[in-house]
Amino acid sequence: MKFIGREKELKVIRDTLNDDNAKALLVYGRRRMGKTTLIKEAVKDLDAVKIIYKGKIQPIARSIEELSVMITRAIGLGDIPLPSFEAIFSLLRNRHECFVIVLDEYQDMKKIEGEAVDALIRNAMEDMSENIKLIISGSSIRMMDALTRSDNPLYGRFKAQVLVDEMDYYDSAKFYPSYTVRDRIILYSVFGGIPWINESIDSELSVKDNIIKLLFENKGLARAYVEDVINVECSQINYSTEIFRCIRNGKKHFSEIQSYISIPSIRTQLTRVIKNMMDVSLIKRRFPINSKSAKTAFYEISSNVVRFYFAYQNAINDENAFNLDALYQCAVEPTLNTFVSYRFEEIARSYFIRLSMSGKRGGILSAGTYWFDDRKKRQNGEFDVALLLTDGTYEIYECKFLKYKADKRMVLEEKAKVDQAPLVGVRKFGMISSSGFECNAIDDVILISGDDLYTLS
């Protein structure tokens, strides 16, 4: 399959590998994000011997032997097991070839001997010659982050660090280009930006049938992914699934999560649990674009597919259901539009980031939500899409995920809500409609259609 997206990550990796002063770089992210595929794409055109060794849970001496045999075999010396990383690099130092050595799933190489493995690599890197580049890659965010701490033997050894996260809506849609704009929005809202899942979407099936196949069937790939997150990552953080169930499809303030949790033992550890979940990117904390007050912060589930799973967990895990089509119609269809509407706001924010990064729209500092609280007028609330511009003013957008085109009356009603709210610094209003508009233009309103989101116009 053709490689899709990751332009920024590819550039960082390639630039680092072409830097004579760089010895190593770190590539990390949760499982199934396409780290290995990304690395292979980044190095494919390099004039170098490429060795990708997948780490295993075994004594490091055994891993070193296996790696050395892969290398000696690749350079035509046959199977020669070597005793250390130093011996490997010493052998390669006097070769005329260039080498890219990838230690993939590095966290597994450390499972038995821990930081002693880091120390072995650090010692070997002291005399690593310019014809060798080392890439360390792993899927344990917590363990890979630890490599960059000042108390770790590998601290300061990486020229660059690349976090491979989920793709945004725009690149994700390249996996299913034949679908309508509405269907692409739904597919991203449900499955998110995980390449492994998106490349499994069957363009011959409807959106509904893909959701049933990948999430409701026992062997569904998306379901397996979420259950792996629960069994591996969540199992290391007590009560994390309870936090997921609380947040589900919404965005929750700390006080709301605290009120939802009735078990005293969880409530007393809530701050730590939330921090641990944020550290491994299971959830994220956001602030409104115009406020950094703790009381305005809210939490969201980071992954769309995990969010969908917990929003419809009871239906997905219904062991008595024998007709999945009927189950979907009963449990999902009545509320799917609402579920997608929340994710549509995220798509809108990503759209403006894309415009800014591509140079098609200047003057944007950041995109987020806009919070207001006027105690005198007793008005408070939040607009979910806002742009902070370089002149210090804001643009506010209302998002509508619709089956039909928005008419002029709807647009003006939404504009009136903004006009009547006690907003500070807001200069422009716009509306984003997934199905477009009945009218071509409305005075003092920026109109953006679903087609615009995917053409970046």
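Criteria and thresholds
Residues numbered from 1 in each chain as written. Predicted model: local features only at pLDDT ≥ 70, side-chain atom pairs only at ≥ 80, totals over all residues. Heavy atoms only, no water. Helix = DSSP H or I, 4+ residues; strand = E, 2+ residues; numbered from the N terminus. Rg over C-alpha atoms; globule rule 2.2 N^0.38 Å. Buried < 20%, exposed > 50% of the residue type's maximum accessible area, 1.4 Å probe, protein only. Contact = heavy atoms within 4.5 Å. Areas by Shrake-Rupley, 256 points an atom, 1.4 Å probe, with all protein chains shown as cover. Lys, Arg positive; Asp, Glu negative; His and termini not counted. Charge placed at Lys NZ, Arg CZ, Asp CG, Glu CD. Pairing = 2+ DSSP bridges. Axes fitted to C-alpha atoms, helices over the stretch in contact; angles between N-to-C directions. Salt bridge = Lys/Arg side-chain N within 4 Å of Asp/Glu carboxyl O. Phe/Tyr/Trp six-rings, centres within 6.5 Å; stacked < 30°, edge-to-face > 60°. Core = buried A, V, L, I, M, F, W, Y, C linked by side-chain atoms within 4.5 Å. Parallel < 35°, antiparallel > 145°, perpendicular 65-115°, else oblique. Nonpolar A, V, L, I, M, F, W, Y, C, P; charged D, E, K, R; others polar. Polar contact = N/O pair within 3.5 Å; in protein donor to acceptor, adjacent residues only side chain to side chain. Arc of directions from axis to C-beta.

Caption draft 1: The overall build of the protein chain, seen in detail. Scanning the protein chain for helices and strands turns up 22 helices and 12 strands. Rg of the C-alpha trace for the protein chain: 25 Å, near the compact-globule value of 23 Å for 457 residues, within the 12% margin. When burial is assessed residue by residue, the protein chain has 52% of its 457 residues classed as buried. Within the protein chain, contacts between residues at least 6 apart in sequence are counted, and of these 67% link residues at least 24 apart. Carbon together with sulfur atoms contributes 47% to the accessible area of the protein chain, which is approximately 21,500 Å² in total. Seen as two clouds, the 65 positive and the 63 negative side-chain charges of the protein chain have centres 3 Å apart.

Caption draft 2: Structural context of the environment of Thr-268. Of note, Thr-268 is situated in helix H15 (residues 264–268). By relative accessible area, which is 69% here, Thr-268 ends up exposed. Spatially, the C-alpha atoms of Thr-268 and Leu-336 are 35 Å apart, while their sequence positions differ by 68 residues.

Caption draft 3: Spatial organisation of the sheet that holds strand E11 (residues 426–433). As summarised here, the arrangement of the five strands in space is E8-E9-E10-E11-E12, forming an open sheet in which the pairing is mixed. Sheet topology places strand E8 (364–374) and strand E12 (445–449) at the edges, where each strand pairs with a single neighbour. Strand-to-strand twist of the sheet, defined as the mean angle between neighbouring strand axes without regard to direction, takes the value 35°. Where E8 and strand E9 (residues 379–389) come together, nine bridges link them in antiparallel fashion. When the sheet's bridge partners are listed, Ala-367 is paired in E9 with Leu-387.

Caption draft 4: A look at unusual backbone geometry. Positioned with a positive phi, Arg-32 is a non-glycine residue whose angle comes to about 75°. By secondary structure assignment, the location of Arg-32 is in the loop between strand E1 (24–28) and helix H2 (35–43). A positive phi angle, close to 55°, is found at Leu-456, a residue other than glycine. In this fold, Leu-456 is placed in the segment after helix H22 (450–455). A relative accessible area of 10% means that Leu-456 is categorised as buried.

Caption draft 5: Representation of the sheet that holds E1 within the structure. Taken in spatial order, the five strands line up as E2-E3-E4-E1-E5 in an open sheet, and their pairing is parallel. Because the sheet does not close on itself, it has two edges, and the strands there are strand E2 (49–54) and strand E5 (160–163). Put simply, the sheet's adjacent strands are angled 15° from each other on average, direction ignored. Of the pairings in the sheet, the one linking E1 to E5 comprises four bridges and is parallel in character. Bridged to Tyr-28 within E5 is Leu-163. On top of the sheet, H2 reaches E1, E2, strand E3 (99–104) and strand E4 (132–138); it is set at about 160° to E4, its chief contact.

Caption draft 6: Expanded view of the pattern of salt bridges. Per the counting criterion, the structure on display carries 31 salt bridges. Between Arg-223 and Glu-227 there is a salt bridge, with its nearest N and O atoms 3.1 Å apart. Here Glu-227 and Arg-223 lie together in helix H12 (residues 221–233), a separation of four residues that amounts to about one turn. By relative accessible area, which is 25% here, Glu-227 ends up partly exposed. Salt-bridge contacts for Glu-395 lead to Arg-361; the nearest nitrogen and oxygen are separated by 2.7 Å. With Glu-395 in strand E10 (residues 394–400) and Arg-361 in the loop between helix H20 (333–358) and E8, this pair connects stretches of sequence that are 34 residues apart. You can call Glu-395 buried: its relative accessible area is 2%.

Caption draft 7: Layout of the packing of aromatic side chains. The final tally for this structure, using the stated rule, is 14 aromatic pairs. Geometrically, the ring pair formed by Phe-244 and Phe-310 is tilted, given 4.9 Å between the ring centres and 35° between the ring planes. You can see Phe-244 sitting in helix H13 (residues 240–247) and its partner Phe-310 sitting in helix H17 (residues 304–311), a full 66 residues away along the chain. Per residue, the accessibility class of Phe-244 equals that of Phe-310, and both read buried. With a centroid separation of 4.7 Å and 40° between ring planes, the pair formed by Phe-308 and Tyr-312 is classed as tilted. The buried category is assigned to Phe-308, whose relative accessible area is 0%.

Caption draft 8: Inspection of the nonpolar core at higher detail. Counting residues in hydrophobic clusters, the biggest one holds 95 residues, and the most contacted among them are Phe-191, Phe-216, Val-305, Phe-308 and Phe-352. It is H20 that contributes the most residues to this core, nine residues altogether. Excluding anything up to four places from it in sequence, Phe-352 contacts Ile-364, Val-385, Leu-387, Tyr-397, Ile-432 and Ile-448. If you look at the next biggest cluster of nonpolar residues, it comprises 34 residues, including Ile-51, Ile-64, Ile-75 and Leu-134.

Caption draft 9: Layout of the packing of helix H9 (residues 181–191) against H20. For the pair H9 and H20, interaxial distance at closest approach is 9 Å and the crossing angle is 90°. Classed by the angle they form, the pair H9 and H20 counts as roughly perpendicular. Two secondary-structure elements touch here, H9 through Arg-182, Ile-185, Ile-186, Tyr-188, Ser-189 and Val-190 and H20 through Leu-336, Asn-337, Phe-339, Val-340, Arg-343, Phe-344, Glu-346 and Ile-347. Among the residues making up the contact of H9 with H20, the classes are represented as nine nonpolar, two polar and three charged.

Caption draft 10: Representation of the side chain of Glu-105. Structurally, the position occupied by Glu-105 is in the loop between E3 and helix H5 (106–109). At 4.8 Å, Lys-35 is the nearest oppositely charged side chain to Glu-105, a buried residue that forms no salt bridge. A polar side-chain atom of Glu-105 sits 2.9 Å from a polar atom in the side chain of Ser-139. Setting aside its immediate chain neighbours within four residues, Glu-105 contacts Lys-54, Gly-55, Ser-137, Gly-138 and Ser-139.

Caption draft 11: Molecular detail of helix H16 (residues 270–279). If you check which residues of H16 are buried, you get Leu-270, Val-273, Ile-274, Asn-276 and Met-277. The buried residues of H16 occupy an angular sector of 160° when projected down its axis, which confines them to one face. Buried residues in H16 make contact with helix H7 (141–146), H13, helix H14 (254–260), H15, strand E6 (283–286) and strand E7 (298–301). Looking one or two residues past H16, Ser-281 carries a phi angle of roughly 60°, positive in sign.

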